[in-house]
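Here's the letter readout for the chains.
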Amino acid sequence: MGTELAGQVALVAGGTRGASRGIAVELARAGAFVYVTGRSTRGRRSEVDRPETIDGTVELIEAAGGEGVAVRVDHLESDEVAALAARIERERGGLDLLVDGLWGGDHHLEWAKPVWEHSLDAGLRMIRLGIDAHLITSHHLLPLVIRRKGLVVELTDGTAEYNAKYREGTSLPFYIAKASAHLLAIGEAAELASHGCTAVAFTPGWLRSEAMLDIYGVTEENWRDATAREPYFAISETPTFAGRTVAALAADPDRHSWTGQTLSSGQLAAHYGVDDVDGSRPDAWRYVVEVQDAGQNPDTAGYR
């Protein structure tokens, strides 16, 4: 276990799976004590209805030599988040790092349907998960971050530059939910500035999450087989890569220079010299723009 974040306290909200799980594990590996919250526990699945649980994330933390605790919280329920804040204050006195990875809305996305055809209930649910839950969490938890002059990381999908245009093929509610993270980071950075805190948004690249591996019918061991179906999947990265880059940011004494910005895993990896588990350094969003969206040969040379 590392010592870069020894003595620090982190909360990864929505740390059940994907990038959030990877971040929780790597923060703990670097020495932080990590609270992992979410709605999926053993014997009690959330609406996402997948097998991953917050308990499983803590098991991975412990296997990495770190310390953490799973706390079931629905971050759309203000009283539950307030109780979480009271518990952290009682047990740890404050927060050095708040990672808000709350989402769980992918299964509500009706791809490429205009707003008048998309299910209204599903669209509004994505807004609730992507915006309301984040604001509720900030309301109750930021006072604990202020005590430690800490760091806030809002997870999203896509860089600010990429999301400056509408994400064709997704849906308006999805686009609004994900693009809101850029504004959350700008606003939180402004409101926290006088307290010495830092706030950023963060996007992984094309993530080899548990769900994505299932979609392509592969595992982490044979993931490259999926490129026969989707050649551009060659740029994909592990959740561990996201975790390593966020941990490097958290350990940087000059991290405040990033405040208010949206950062990508590839951008942070280049800055901090971080590699993925296979020793590569994927720069997914540059690849998406210059290769994938441009319809170029899917060769990743120069991009990982």
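Residues numbered from 1 in each chain as written. Predicted model: local features only at pLDDT ≥ 70, side-chain atom pairs only at ≥ 80, totals over all residues. Heavy atoms only, no water.

How do you make sense of the overall build of the protein chain when you look at a structure like this?
Assigned secondary structure in the protein chain consists of nine helices and seven strands. In terms of overall size, the protein chain behaves like a compact globule, its C-alpha atoms giving a radius of gyration of 18 Å where 304 residues would be expected to give roughly 19 Å. On the principal axes, the C-alpha backbone points of the protein chain span a range of 55 × 45 × 40 Å. Taking all 304 residues of the protein chain together, the buried fraction comes to 56%. Here the contacts in the protein chain between residues at least 6 apart in sequence split such that 71% fall between residues at least 24 apart. (Helix = DSSP H or I, 4+ residues; strand = E, 2+ residues; numbered from the N terminus. Rg over C-alpha atoms; globule rule 2.2 N^0.38 Å. Buried < 20%, exposed > 50% of the residue type's maximum accessible area, 1.4 Å probe, protein only. Contact = heavy atoms within 4.5 Å.)

I'm lost on the side chain of Arg39 in this one. Help?
Structurally, Arg39 is set in the loop between β2 (33-38) and α2 (54-63). You can call Arg39 buried: its relative accessible area is 15%. A polar contact of 2.8 Å, which involves the side chain of Arg39, links it to the side chain of Glu47. Not counting residues up to four positions away in its chain, the partners in contact with Arg39 are Arg44, Ser46, Glu47, Val48, Arg72, Val73, Asp74, Trp103, Arg125 and Leu129. (Polar contact = N/O pair within 3.5 Å; in protein donor to acceptor, adjacent residues only side chain to side chain.)

Before we go on, may I ask you to explain empty space enclosed by the protein in this structure?
If you roll a probe as big as a water molecule over the atoms, it shows you where there is empty space left. Under the counting rule described, the total for this entry stands at one cavity of 30 Å³ or more. There is about 60 Å³ of room inside the largest cavity. In this structure, the largest cavity is lined by Leu102, Trp103, Gly130, His134, Leu155, Thr156, Ala177, Lys178, Ser180, Ala181 and Leu184. Taken together, the elements giving at least two residues each to the lining of the largest cavity come down to α4 (120-147) and α5 (172-192). With five residues, α5 is the single largest residue contributor to the lining of the largest cavity. Grouping the amino acids of the lining of the largest cavity by side-chain chemistry returns six nonpolar, four polar and one charged. (1 Å grid on protein atoms, 1.4 Å probe; cavity = no way out; pocket = protein on both sides within 12 Å on 5 of 7 lines; lining within 4 Å. Points joined across faces, edges and corners; volume = space filled by probe spheres on them. Nonpolar A, V, L, I, M, F, W, Y, C, P; charged D, E, K, R; others polar.)

What is the right way to read the layout of surface pockets from this model?
In this structure, the second largest pocket occupies an estimated 280 Å³ of space. Elements represented by at least two residues in the lining of the second largest pocket include exactly α1 (18-29), α2, α6 (210-216) and α7 (239-251). Sorting elements by how many residues they give to the lining of the second largest pocket places α1 first, with six residues.

Is there a simple way to think about helix α8 (residues 265-272) in this case?
Helical geometry: 3.6 residues make up each α-helical turn, so side chains three or four residues apart lie on a common side. Among the residues of α8, those classed as buried are Ser265, Gly266, Leu268 and Ala269. Burial along α8 is one-sided: seen end-on, the buried residues are contained in an arc of 165°. Looking at the buried side of α8, the elements it contacts are β6 (198-203), α7 and β7 (262-264). Taken from the residues just after α8, Gly273 is the one with a positive phi, measuring 70°. (Arc of directions from axis to C-beta.)

Just to check I follow, could you spell out the pairing of strand β5 (residues 151-155) for this structure?
Note on strand geometry: in a regular strand, side chains alternate between the two faces of the sheet. Within β5, five of the five residues are buried, leaving the element largely enclosed by the surrounding structure. Of the two faces of β5, the one carrying Leu151, Val153 and Leu155 and the one carrying Val152 and Glu154 are both buried. In the sheet, strand β4 (residues 97-100) pairs with β5 via four bridges, with the strands oriented parallel. Within β5, the residue paired with Asp100 across the bridge is Glu154. Regarding the hand of the β-α-β motif, the stretch spanning β4, α4 and β5 is right-handed. One ladder, built from five bridges, connects β5 with β6; its direction is parallel. Bridge assignment links Val152 to a residue of β6, and that residue is Ala199. Chirality of the crossover, the property in question, places the unit of β5, α5 and β6 among those that are right-handed. (Pairing = 2+ DSSP bridges. Right-handed = clockwise from strand over helix to strand, strands pointing away.)

On their own, these measurements won't tell you what the molecule is for.
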